[in-house]
Every structure is written in C-alpha cells, then in structure tokens.
Amino acid sequence: MRSVEGYVGTSIWPIQYFWGGSFSNSYQYYSNVWYDFWMEWKILIALIILHYVYIGVRDSNRNKIITFLILICSVIGGLVLAFGLYPVLQYPLFEPRGMYGFGVMIALLAVTAVNTCRDYFVKLICLGLCWCFFAFSFTYGNALSKQKDIQILEFI
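Described in the following lines is the structure provided in the data block. These numbers come from a predicted model, not from an experiment. (Residues numbered from 1 in each chain as written. Predicted model: local features only at pLDDT ≥ 70, side-chain atom pairs only at ≥ 80, totals over all residues. Heavy atoms only, no water.)

1. So, the overall build of the chain
- Per the secondary structure count, the chain includes five helices and zero strands.
- For the chain, the α and β elements follow one another from N to C terminus as α-α-α-α-α.
- Over its C-alpha atoms the chain spans a radius of gyration of 19 Å, topping by over 25% the 15 Å that the globule rule assigns to 156 residues.
- When the backbone C-alpha atoms are referred to their principal axes, the chain occupies close to 65 × 45 × 25 Å.
- A separation of at least 24 residues holds for 68% of the contacts in the chain among residues at least 6 apart in sequence.
- For the chain, the accessible surface area stands at approximately 11400 Å², while carbon and sulfur atoms represent 70% of it.
- Once the 10 positive and 8 negative side-chain charges of the chain are each reduced to a mean point, those two points are 12 Å apart. (Helix = DSSP H or I, 4+ residues; strand = E, 2+ residues; numbered from the N terminus. Rg over C-alpha atoms; globule rule 2.2 N^0.38 Å. Contact = heavy atoms within 4.5 Å. Areas by Shrake-Rupley, 256 points an atom, 1.4 Å probe, with all protein chains shown as cover. Lys, Arg positive; Asp, Glu negative; His and termini not counted. Charge placed at Lys NZ, Arg CZ, Asp CG, Glu CD.)

Structure representation (structure tokens):
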C-alpha cells in the first residue's frame, strides 16, 4: 500500500527505527499533555487513576497484591495505547484532535471508578474534571473565534 503524506503521514517507522521513533513520538504526545494541561487537571486525573486502583484492590476478592499489580499494568498499558497507532507513524498528528485517545482513556477510568464506588469523593473529582474540560472547551472556541476576527481586521 502506498503511503500518503499530507498534514499527517501514513508511513510507519522502518524496523530499525521502530522502537526509537515510536518512543520519541509517545514522548512528544505526553510532553504535550504535561505542558498543555493545567495543574488542576493533572491533579484530578492522578486522583481518578489512584482511586481506580484503590477501588479495584479494595473490592477484589482475590489476592490484593496481584490485583494491585494487574491494575497498575492496565493503567500503564492504557497510557501506552492511549494514542492508538499515531506513535508508530513517522509523521503523526500532534494537533489537539490527536489527543482523543487520551481523553477516552481518562473517561473510561473515571466511569469505571464512579460506577463501582458509592463514595461521593470520586464523583466530585470526576465532576470537577468535567467542569474544567467543559469550561476550557467553551473558552477555547471563543478564543479561536476572537483570534480569527482579529486576524481578519488586521488584513483590512
């Protein structure tokens, strides 16, 4: 299959550069998460992850240590796979919509933590994170609209 090169490419790394290139792209994605997310968001996301692991271990009827290790591995696996195939591409999409996979992973962890827990603390954490994301999405759209208006006025 021929690869398509546009604003994002479809060609994957050659085998000799596969691991290094994939790691480099993953590092770039998580650098974007680290520098673009506000500290409040990162704290709320960390609390959701910690609560997800805590609830899983607390509610498990099996060996708690093995359950803890499996839950940690599932979180790490989710973080590795959060961006899908983008990290293995030579020219991946680093635009905001390339972050959808990370948002889906956070949403799945939050829904699992909320559905398996009667504690209102985790529900408040999820509500706070949702409020932050909604408020940001509305202000971000308005800021882009105003920026577009200003750019149009500069050309006049």
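2. Focus on the packing of aromatic side chains
- This model, assessed by the stated rule, comprises 10 aromatic pairs.
- Aromatic side chains Tyr29 and Phe83 sit 4.4 Å apart centroid to centroid with 15° between the ring planes, which places their arrangement in the stacked category. Residue Tyr29 is found in helix H1 (residues 18-36), and its partner Phe83 is found in the loop between helix H3 (64-81) and helix H4 (100-115); the two are separated by 54 residues along the sequence. Across this residue pair, the class does not change: Tyr29 and Phe83 are buried.
- Geometrically, the ring pair formed by Phe37 and Phe102 is edge-to-face, given 5.8 Å between the ring centres and 70° between the ring planes. Of this pair, Phe37 sits in the loop between H1 and helix H2 (39-59) while Phe102 is found in helix H4, placing the two residues 65 residues apart along the sequence.
- Exposure remark for Phe102: the relative accessible area of 6% places this residue in the buried category.
- An aromatic cluster is defined as three or more aromatic residues linked by ring pairs; in this entry it consists of Tyr29, Tyr30, Phe37, Trp38, Trp41, Phe83, Tyr86, Phe94 and Phe102.
- Above the plane of the ring of Trp34 lies Lys42, whose end atom (NZ or CZ) is 3.7 Å from the centre. (Phe/Tyr/Trp six-rings, centres within 6.5 Å; stacked < 30°, edge-to-face > 60°. Buried < 20%, exposed > 50% of the residue type's maximum accessible area, 1.4 Å probe, protein only. Lys NZ or Arg CZ within 6 Å of the ring centre and 35° of its normal.)

3. What to know about H4
- Under the 1.5 Å per step criterion, the end-to-end length of H4 is 22 Å for 16 residues, consistent within 8% with the ideal 22 Å.
- Listed as buried for H4 are Phe102, Met105, Ile106, Leu109, Ala110 and Ala113. Seen along its axis, H4 keeps its buried residues to an arc of 130°; they face one direction. Among the exposed residues of H4, those pointing more than 90 degrees away from its buried face are Tyr100, Leu108 and Asn115. (Expected span 1.5 Å × (residues − 1). Arc of directions from axis to C-beta.)

4. Side note on the pattern of salt bridges
- For the structure on display, the rule yields one salt bridge.
- With a shortest N-O distance of 2.9 Å, Asp59 and Arg58 are connected by a salt bridge. (Salt bridge = Lys/Arg side-chain N within 4 Å of Asp/Glu carboxyl O.)

5. Digging into the nonpolar core
- Core analysis: the largest hydrophobic core is formed by 28 residues, its most contacted members being Ile45, Ile48, Phe83, Phe102 and Leu129.
- For this core, the element with the most residues is H2, which contributes nine residues.
- Those residues within four positions of Phe83 in sequence are excluded, and the remaining contacts are Tyr29, Tyr30, Val33, Gly98, Met99 and Phe102. (Core = buried A, V, L, I, M, F, W, Y, C linked by side-chain atoms within 4.5 Å.)

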